[in-house]
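Listed below, chain by chain, are the residues.
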Amino acid sequence: MNLMFSSLWGVGWVLVRYRKNGVLRRYKATPLRPIEFLIAQVISRLMVVMGSSSIVYLGALTLLDFPMRGSYLALALIFIAGALCMISIGLMVASRLRTEELADGLLNLFSWPMLLLSGVWFSMEGASSLAQMASHLMPLKYLVDGARAVMIDGAGVVEILPQLLVLLSLAVVLLGLATRIFKWE
């Protein structure tokens, strides 16, 4: 949840605030292309998200007794892929918005169904078939499934490759969409 919220709101609000305060208008006067600006946002937010997620993980590891049976490399890769996907969603949502209030509403519209249908809070096994089908449309589900497979089942990179591919593919597609619809003003 920390990874999702940090990624979505961290980049979404910043982009909208830049637009609202005229920062993006000044960037428009430079030779900077939208894809370059958005990739810089992805990289900077990824560093912040991975840093904060590492602190949360290490804190939980210190205070709680939870299993970690798999590869730390696989866990890091699934976290990075998930963060890239969530950051791309935040960028796509905020690519044209002018107010933080609208960005907040749209980001909530994306985040709450993901929280309810991803398996973060409860298993989807007992849910209706419609809810189970809808859960496969939620990027957070692939992050949660991959992290659980690594930590509980001892999965390595090869075993979580399907989740990695889904998250990375979504990140590329959403970043492409964000670039297409992006407006400096």
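Residues numbered from 1 in each chain as written. Predicted model: local features only at pLDDT ≥ 70, side-chain atom pairs only at ≥ 80, totals over all residues. Heavy atoms only, no water.

Draft legend 1. The packing of aromatic side chains, seen in detail. On inspection of all chains with the given rule, the structure shows nine aromatic pairs. Ring geometry for Phe 5 against Trp 9: centres 5.4 Å apart, planes inclined by 50 degrees, an arrangement best described as tilted. Of the two residues, Phe 5 and Trp 9 both sit in helix 1 (residues 2-20), four residues apart, roughly one turn of that helix. Residue Phe 5 is classed as partly exposed on the basis of its relative accessible area of 27%. The buried category is assigned to Trp 9, whose relative accessible area is 16%. Ring plane angle 45 degrees and centroid distance 5.5 Å describe the contact between Tyr 27 and Phe 37, whose orientation is recorded as tilted. Pair noted here: Tyr 27 is in helix 2 (residues 23-28) and Phe 37 is in helix 3 (residues 34-63), with a separation of ten residues, a long-range link. Residue classification places Tyr 27 among the partly exposed residues on the basis of a relative accessible area of 31%. Residue Phe 37 is classed as buried on the basis of its relative accessible area, which comes to 3%. An aromatic cluster is built from Tyr 18, Tyr 27, Phe 37, Phe 182 and Trp 184, whose rings are joined through pairwise contacts. (Phe/Tyr/Trp six-rings, centres within 6.5 Å; stacked < 30°, edge-to-face > 60°. Helix = DSSP H or I, 4+ residues; strand = E, 2+ residues; numbered from the N terminus. Buried < 20%, exposed > 50% of the residue type's maximum accessible area, 1.4 Å probe, protein only.)

Draft legend 2. The packing of helix 4 (residues 72-94) against helix 7 (residues 139-151), seen in detail. Contact geometry for helix 4 and helix 7: axes closest at 9 Å, N-to-C directions at 170 degrees. Between helix 4 and helix 7, the angle falls in the class roughly antiparallel. Judged by residue contacts, Ala 74, Leu 75, Ile 78, Phe 79, Gly 82, Cys 85, Met 86 and Ile 89 of helix 4 engage Pro 139, Leu 140, Tyr 142, Leu 143, Gly 146, Ala 147, Val 150 and Met 151 from helix 7. (Axes fitted to C-alpha atoms, helices over the stretch in contact; angles between N-to-C directions. Parallel < 35°, antiparallel > 145°, perpendicular 65-115°, else oblique. Contact = heavy atoms within 4.5 Å.)

Draft legend 3. The arrangement of the pattern of salt bridges in detail. Going through the model one piece at a time under the given rule, you end up with five salt bridges. A salt bridge links Lys 20 to Glu 100; the shortest N-O distance between them is 3.0 Å. Linking Lys 20 in helix 1 with Glu 100 in helix 5 (residues 100-117), this pair joins segments that are 80 residues apart in sequence. For the salt bridge of Lys 28 with Glu 185, the shortest nitrogen-to-oxygen distance reads 3.4 Å. Within this pair, whereas Lys 28 is found in helix 2, its partner Glu 185 is found in the segment after helix 8 (161-181), the two being separated by 157 residues in sequence. Accessibility expressed as a relative area gives 46% for Lys 28, which makes it partly exposed. Its relative accessible area of 36% is what places Glu 185 among the partly exposed residues. (Salt bridge = Lys/Arg side-chain N within 4 Å of Asp/Glu carboxyl O.)

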